[in-house]
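An overview of the molecular structure
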Amino acid sequence: MAMTLDDRIAQFRQMTIDDPENELAYFRLGQLLMEADQHGEAIGAFRKTLMIAPQFSKVFQLLAECELKQDRRDDAVRTLLEGYRTADARGDRVPRDAMGEMLKSLGEAIPESPKKERKGTGGGFSCKRPMCYYGDDAVGLTTPPLPDEIGQRIVAEICMDCWNEWLKDMSIKVINELRLDLSLEAHQQEYDKQLRRFLGFEETPAGD
Ligand SMILES: [Zn+2]
């Protein structure tokens, strides 16, 4: 049976309660609230997303759209300026250009690009991880970093920097914070779940 929009909103709201650090749950909740014309509530969900993940540039665009729907023009301009700079710094061209268009339509100037040198070598690989710093200008991995099918997906969709961030930083935090013992099957499954979430592979709940 198909879920109604209200059901899906309730489902994602529950996800944000169960897992308050999950930025993608807040992001999807915000999108669904927008779809339901609940722009005031969507603003709250997007602000929370940005508190957890301040580099998630697409969120600024949606937040500004909601603020405009609420006739909060000055807030929207502030959001767009900050969002434009964030997207520009990260090389997120699609949200950056969309926010540039929104600023223009509001009669505002588009911020100057600092034209900084990228840290990456500009490998031209497009990383699908929503939080990727390099976006469309990333460097890909040369071989799958894991033996099973997730390794194939990672090499196709995830850049070297994101993978290294997981390997050298996040995976260690996950193991320590969740006290995982990877010799246990259940703990290995939790580790895989955290990995998928980090990479943005987490599936939406069943019925979506
Ligand atoms: Zn990446």
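First, a word on what this report is: a plain description of the structure on this page. Note that the structure is predicted; figures quoted are calculated from it, not measured. (Residues numbered from 1 in each chain as written. Predicted model: local features only at pLDDT ≥ 70, side-chain atom pairs only at ≥ 80, totals over all residues. Heavy atoms only, no water.)

A look at the coordination of the zinc ion
- The coordination sphere of the zinc ion contains the protein donors C127 (SG), C132 (SG), C159 (SG) and C162 (SG), at a distance range of 2.3 Å.
- With four donor atoms in place around the zinc ion and angles of 104 to 114° between them, the coordination shape is tetrahedral.
- One chain supplies every donor to the zinc ion, and in sequence these donors are spaced C-x4-C-x26-C-x2-C. You can see C127 sitting in the loop between α6 (93-105) and α7 (149-157) and its partner C159 sitting in the loop between α7 and α8 (160-177), a full 32 residues away along the chain. The residues C127 and C159 share a single accessibility class, namely buried. (Donors = N, O, S within 2.8 Å, 3.2 Å for Na, K, Ca; no water. Tetrahedral: all angles 85-135°; square planar, octahedral: opposite > 155°, others 65-115°. Helix = DSSP H or I, 4+ residues; strand = E, 2+ residues; numbered from the N terminus. Buried < 20%, exposed > 50% of the residue type's maximum accessible area, 1.4 Å probe, protein only.)

Concerning the environment of E165
- Structurally, E165 is set in helix α8.
- Residue classification places E165 among the partly exposed positions, given a relative accessible area of 36%.
- For the pair E165 and Y84, spaced 81 residues apart in sequence, the C-alpha separation works out to 25 Å.
- Excluding anything up to four places from it in sequence, E165 contacts R129, M170 and F198. (Contact = heavy atoms within 4.5 Å.)

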